[in-house]
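Chain by chain, the residues:
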Amino acid sequence: MLDLLKTFTGCPVGALHQLVLPHVTLILYPSADSVVILDASTLNLVRVLTFGEIYPGTQHLNQTVSCVAVDSAMKVIVASMDMRIAAWSLSGKNTWRIHSSISLQDGDPVTALDCRSGLLSVGSQNGLSVYTLILENDLLTWSKKWEARVASPSLAKFAPTLAFIATTSHHDNILRLYSTTSGRLVQGIPHPGPLTDLMWRFSQASRSDDPALYTITSDSTLRIFLPVIDAPHRLQLHASLDLFSSLPFLIAAKLGSHPRKSTIVWLDKEVVRRTIKAVLASATDDASPQIKRLREIDEEGWDLFVRALEDGSMLVSAVANIDRRPPTLIRQFALSHTSLNVLSQLPSHLYLFPHPDVTSLTMVTSTPLTTFEVSPLAFFDGQSAGLHFNAKGLDRLPHEESKIRRLVRTPAGRGVAVVRADGGEVWRVIEGGSQLARGRRWSNADQVVVLDGGKLLATYSSETSVLTLHSKPISTLTVPSITDLFSAPSKTVHERIVGLTSDSSIVYIYIDSHPNPTLRLHSQNNLPLAQPPKLIIPVDPMSWSRDSSLEEHDTLLSISDDGELSFWIAEEGTSSGWRCTGKVKTGRKNFALASCSSAKKSVLVVRLPDGEELTIWDSKESEFASGLEHRRIFSTSEHINDLDWTSTPDNQSILAVGFTHHVELLCQQRKTYFNDDPTWAICWKVDIRNYISYPIRDSIWLANGSFLIAAGHQLFLFGQTALQKDQEPLFQYIARHNGPLEDYHPQMLLQCLLWGKVELVKQIIVALSLVVKAIYEDPTQDFHWNAFPVEQPDETVFSRHMVETLIEQLETRPLPHLTPNEHAHLLVLIQTTLEIEEQRRALDANGLRYVISMRSFYILNCRVTSDSSSRDMIWAFHSESQELLLSTSTAACNGRMLWSDARALGVFIWLSSAEAHMEVIARNEYMAGDNRDPTACSFFYFALGKVKLVHGLWKQAAWHKEQAIMLKFLANDFTQPKWKTAALKNAYVLLSKQRFEYAAAFFLLGGSLKDAVHVCLRHLSDFQLAIALARVVEGGSDGPVLRDILHNTVIPTAFREGNRWLGSWAFWMLNRRDFAVRILVTPLRDIADALDIQVAEIGEPHYDDPSLALLFSQLRSKTLQTAKGTSEISGRSEFNFVLQIARVFCRMGCHALALDLVRSWSFERPSISVPVPTEPPPTSYTTLRRSLALHPKLRRRSSIMIDMDIASPTPTRKVSPDRSLVKVPTQETIKEESDLLARKAGLGSLLKSAKQDVQVPEFSLDSFSFV
């Protein structure tokens, strides 16, 4: 999703080094305190080796790497910095490991290095020394072989035979040869000028151990030294190639006698020969002049040299007969000369390396660093087409190796300022965010702000308190002492500058554009707060700065000492100049970092004793949402250093959390019924440890989703270009995981089915079948979904055949962008819709909702690993089709429901008749095992009072070791106190043996229901089993033990978990149906304050289920008690509740359902008017699509249940039918709102009407319904 696009690692100063591997050639050069490794053919970064990896104490020293050497055979890189030497080795393809290290004596810095085959030559101020590599105590170490006091070497190169070391010095022009074995000076060769480079030549064709030596002096003259025949340890000059001897006569005559600059390089003979042979092997036209020339080069064995000239042309020269012994008849001649301006400028160094394509070569020039692909056919023929440009680095600038301190961007991220220890520079984002262009520089500034996409720059100096705008002409402004500076979007030509002072005042600065950009102090104000804030930060404008209209958006976020977030916008005409747009109470203190996004998502990092807490907050705080969306604790080893926001084009927020060596990108996840994933999750991780060991100094989002990381003195630009086929761009990934869903998505279908929109789902499935059929018949087509409405053929109808065909086609070719889990749910929902259609007349609406959930979650997983949600149980509880639901649930369990299945489905929560089904459970538990164990069913049969039946089962359990004891014990009469006491004693013995379920059975045998329930709750942690037990033994739903379970276990559990579904059911069972409605909407704390039930803990409210609104719309008009509870809910609370549910719909990707909910929700209260029913007209599909909420005329009518004493006075919020549940406080604990009076009056009228005529069978509540 985010790939490394560009790296800015600095420009090389001196020569490059190479490491030739089988499939790639690497170039290396020192940069500050590191060694940069690039791919020679693309200049892509491979690795940065830092001295801090081996010498951690050097990280804060202002020192640079002076020398680099490469041992190609051992794949070892050696570098020196001052008197320290570090070595790394390549392991595998791209794993660099620490190899070894050496430290010279103080005051003896390294001046030259070379490494070959386990030998290391080190030149220093004190002389030349040679080390050998040894293994000591399983560690690689360097042992000094000898040391010679010589002039400080500037170059030191081992001969290929390792017999000699050639050195040069800045103090003279003498080339010195030393014996590798003894360190003795063998020969000194004076040169007419300073030596700039030397290279050993070794050729397998010569069949000699005496290699040749090439030297290059400052005038770009290359000299060829060959061994003396009689004294092979001595070298003599055989040829020299200067500028004029290399050029053809006509070209040399034009240049005249004036000295000209040029760069010459010897082309490695073995590299060139392999490439030429590959070209000749692949050639088809053997008669072409180019092929003949290459064949001649190959057959003659010439040594080739390339000279780059000032006019941009390149000259290829050849020297023949170097390998002849004796080397007589050595001759040199020009082979080819390219046209002018092949090179843009004269490089100081030029190299020719192998290319991944064996028929090509790679040419690298420096400086600036540039790489070309060389075609041998055209290049050696003098054609300019022989060079193909691949990549180019940036020119070197002063202080580019200075450490980066931080990054500052423009509001829209189109420009960024890189603040270094010594000044800094501005970069502009170009090429859609895939490249950066360097702009102006500055030095000595305490605060920096970049404007207008990087075209303008303003710097602030604390010494002079002057803000300088670097425009033409420069504009300055004296301002108060500023501690922070940033830019803000503006409707004018130029962006505005906001400064924060030490006393928390805000300086607002405009930039006037006429006639020239000029700074103007607009205002200086303090935020209108009672106490000075602890922190003021800018609200990230990355999203709304793209909007040209620039509607009202927050500019600042202030955080108080107690963690209260306040959002501010600049406002003209007020005394303070700032207006607060919202507040969120986080309760967090001692926070270390904070940041706020365009969508008003705020993140706080709080230091804890055991680590750090990261929390993400939404600004839309209400009684239904605390604002907390995500919380995560990081260990002490994961220190958070940086936070930064960006947003997608559809305003989805992405948070970058920066650590020492990596950055985690967090995005909001779509809420779903299918998975219990966290609200925010890591969508991508950017780790720079594969490239560099520097810690991350700063990271920042730029335009178009680009992400810039600064580490050390280097920059890493990541972008959305998907380099791998299995990846997708970041913004596309975010939209797919948190954006609006397509109509066919299983989440959308599920919600539509829950809200009773079966016809709409059928239309979607029919449309989906047409699309899938088309791509099934023509596999070359891509899946494309057209937004509704869709014109459909008249003959296409929803039928079993159509559904079965669609499922078969989807199983063959799943839809794109659906996870396996979502795809499986889609198939189940399509099948479920067919079953619903075929059973619609047998099931009521709530029964359909239960079946939908059961099909989706129970059948799909085949076996329940966790209990179904309370939501699904409550739908069945309020259904009038429970017998059919029970048979459907039993069929889902393969016709044999065990207790684990019953608990998972909540059967004894919703089933009205519990005794008959418990006997079924008991029989199934007994039949479940192969041994027919009576202990498995004793609990249930004892609850049913069928002791003799269990006694008969024990008679058949001859295999059981307890048979004799149980037969004797169960033969007694347990109606007598004596045997009840014996049963209770056995129960306590079983408790001590931790046979809890069997102990509960013996408590039942002893007639102690309360103790049996206690075992279920405390030891088995199964309140459903306790409820089932109480309902069966007490023979109803109003027994004292059951009420005690509801009071002391179920309701506290519901409050602790924030489970409003479970709480509503418990209040309904307690005949407190007013609270059963109120708990769906009213904050839990207000409910707890009005109850006489001990609630020790209240959890997160969990208003994250849109079905809460559906249940509320049903219950509020079902009985007089629920109507009473509805009247005690303020209009504002209901309004905020509906908005919260709409937000949840949007979080689920069901934006159309959210829109319809707020459009069609009715806030009317109960009325006794009974309108004349009329037949609704046929509803077109388009109309059905527009009105997704349940229409009153489309819903079933239900009679209102009079479930309270209508002769009693009109109830208030503290008076209820059951005085045992409610406190009688002296004052109102829940805040009264103005609209409550009218609602209570309406409820009083409703009660009076019901009191006058209690025989009315039907009670119309049309005003309660959706409109």
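Residues numbered from 1 in each chain as written. Predicted model: local features only at pLDDT ≥ 70, side-chain atom pairs only at ≥ 80, totals over all residues. Heavy atoms only, no water.

### A look at the overall build of the protein
Rules: Comment: elements are numbered from the N terminus, with helices defined as DSSP H or I runs of at least four residues and strands as E runs of at least two. Every residue pair with non-hydrogen atoms within 4.5 Å of one another is taken to be in contact. To measure how exposed things are, a 1.4 Å probe is used in the Shrake-Rupley method; for residues, cover is taken only from the protein chains shown.
A tally of helices and strands in the protein yields 33 helices and 56 strands. Across the protein, every contact between residues at least 6 apart in sequence was considered, and the portion connecting residues at least 24 apart equals 55%. As displayed, the protein offers around 55,000 Å² of accessible surface, 50% of which is attributable to carbon and sulfur atoms.

### Details of the nonpolar core
Operational definition: Take the buried residues of types Ala, Val, Leu, Ile, Met, Phe, Trp, Tyr and Cys, join any two whose side-chain atoms come within 4.5 Å, and each joined set is a nonpolar core. The buried label goes to any residue with under 20% of its type's maximum accessible area, the exposed label to any with over 50%, and the partly exposed label to all in between, with areas taken from a 1.4 Å probe on protein chains only.
Ranked by size, the top nonpolar core spans 156 residues in total, and within it W910, L970, F1055, W1065 and F1137 carry the most contacts. By residue number, the principal contributor to this core is helix α8 (residues 758-777), which donates eleven residues. If near-sequence neighbours (up to four positions away) are discounted, F1137 is found in contact with F624, L1080, V1081, Y1103, L1108, A1109 and F1112. By size, the runner-up hydrophobic cluster in this structure holds 39 residues, among which are L2, I27, L43 and F731.

### What about helix α23 (residues 1023-1034)?
Note the threshold: To estimate the expected span of a helix, count its residues, drop one, and scale the result by 1.5 Å. In protein, a polar contact means a hydrogen-donor-capable atom and an acceptor-capable atom, both N or O and within 3.5 Å, with residues adjacent in sequence counting only if both atoms are side-chain atoms; elsewhere, any N or O pair within 3.5 Å suffices.
Here α23 spans 16 Å end to end across twelve residues, near enough to the 16 Å set by a 1.5 Å rise per residue. For α23, the tally of buried residues reaches nine of twelve residues, placing the bulk of the element in the interior. The set of residues buried in α23 consists of Q1024, L1025, A1026, I1027, A1028, L1029, A1030, R1031 and V1032. Of the residues flanking the start of α23, the one acting as N-cap is D1022, its side-chain oxygen 3.3 Å from the backbone nitrogen of Q1024. Note on α23: the residue one or two positions beyond its end, G1035, has a positive phi of about 70 degrees.

### Description of unusual backbone geometry
T367 connects to P368 through a cis peptide bond whose omega is -5 degrees. If you trace the backbone, P368 turns up in the loop between β27 (361-366) and β28 (370-374). Following K472, the chain continues into P473 via a peptide bond in cis, with omega recorded as -5 degrees. Residue placement: P473 occurs in the loop between β36 (466-469) and β37 (475-478). Look at E431: it is not a glycine, yet its phi comes out positive at around 55 degrees.

### Quick word on the packing of aromatic side chains
To keep it simple, the criterion reads: Stacked, tilted and edge-to-face pairs are distinguished by plane angle, under 30 degrees for stacked and over 60 for edge-to-face with tilted covering the rest, among Phe, Tyr and Trp rings (Trp via its six-membered ring) whose centres lie within 6.5 Å. By definition here, charges over rings are those cases where NZ of Lys or CZ of Arg is within 6 Å of the ring centre and within 35 degrees of the ring normal.
All told, the structure shown has 32 aromatic pairs when counted by the stated rule. With 6.2 Å between their ring centres and 10 degrees between their planes, F1112 and W1161 make a pair best called stacked. Linking F1112 in helix α28 (residues 1107-1115) with W1161 in the loop between α31 (1151-1160) and α32 (1181-1186), this pair joins segments that are 49 residues apart in sequence. Among the aromatic residues, ring-to-ring pairing joins F969, F974, W979, Y998 and F1002 into one connected group. Positioned above the aromatic ring of Y55, the side-chain terminus of R84 is 5.9 Å from the ring centre.

### Some thoughts on the packing of α8 against helix α10 (residues 820-839)
This is how the line gets drawn: Helix axes use the C-alpha atoms of the stretch in contact, all axes being lines fitted to C-alpha atoms, and the angles between their N-to-C directions lie in the range 0 to 180 degrees. Any angle that is under 35 degrees is reported as roughly parallel, and any over 145 degrees as roughly antiparallel; angles of 65 to 115 degrees are reported as roughly perpendicular and all others as oblique. Take the far helix as your reference; a near helix turned counterclockwise from it by less than a right angle gives a left-handed crossing, and one turned clockwise gives a right-handed crossing. Each residue is assigned to one of three groups, with Ala, Val, Leu, Ile, Met, Phe, Trp, Tyr, Cys and Pro labelled nonpolar, Asp, Glu, Lys and Arg labelled charged, and all others, Gly among them, labelled polar.
Relative orientation of the contacting elements α8 and α10 amounts to 130 degrees, with a least axis distance of 11 Å. By the angle between their directions, the pair α8 and α10 is classed as oblique. Note on packing geometry: the crossing formed by α8 with α10 is left-handed. Residue-level inspection shows V758, E759, V761, K762, I765 and L768 of α8 in contact with α10, the latter providing I830, T833, I836 and E837. Residue composition of the contact of α8 with α10, grouped by class: six nonpolar, one polar and three charged.

None of this, on its own, says anything about what the molecule does.
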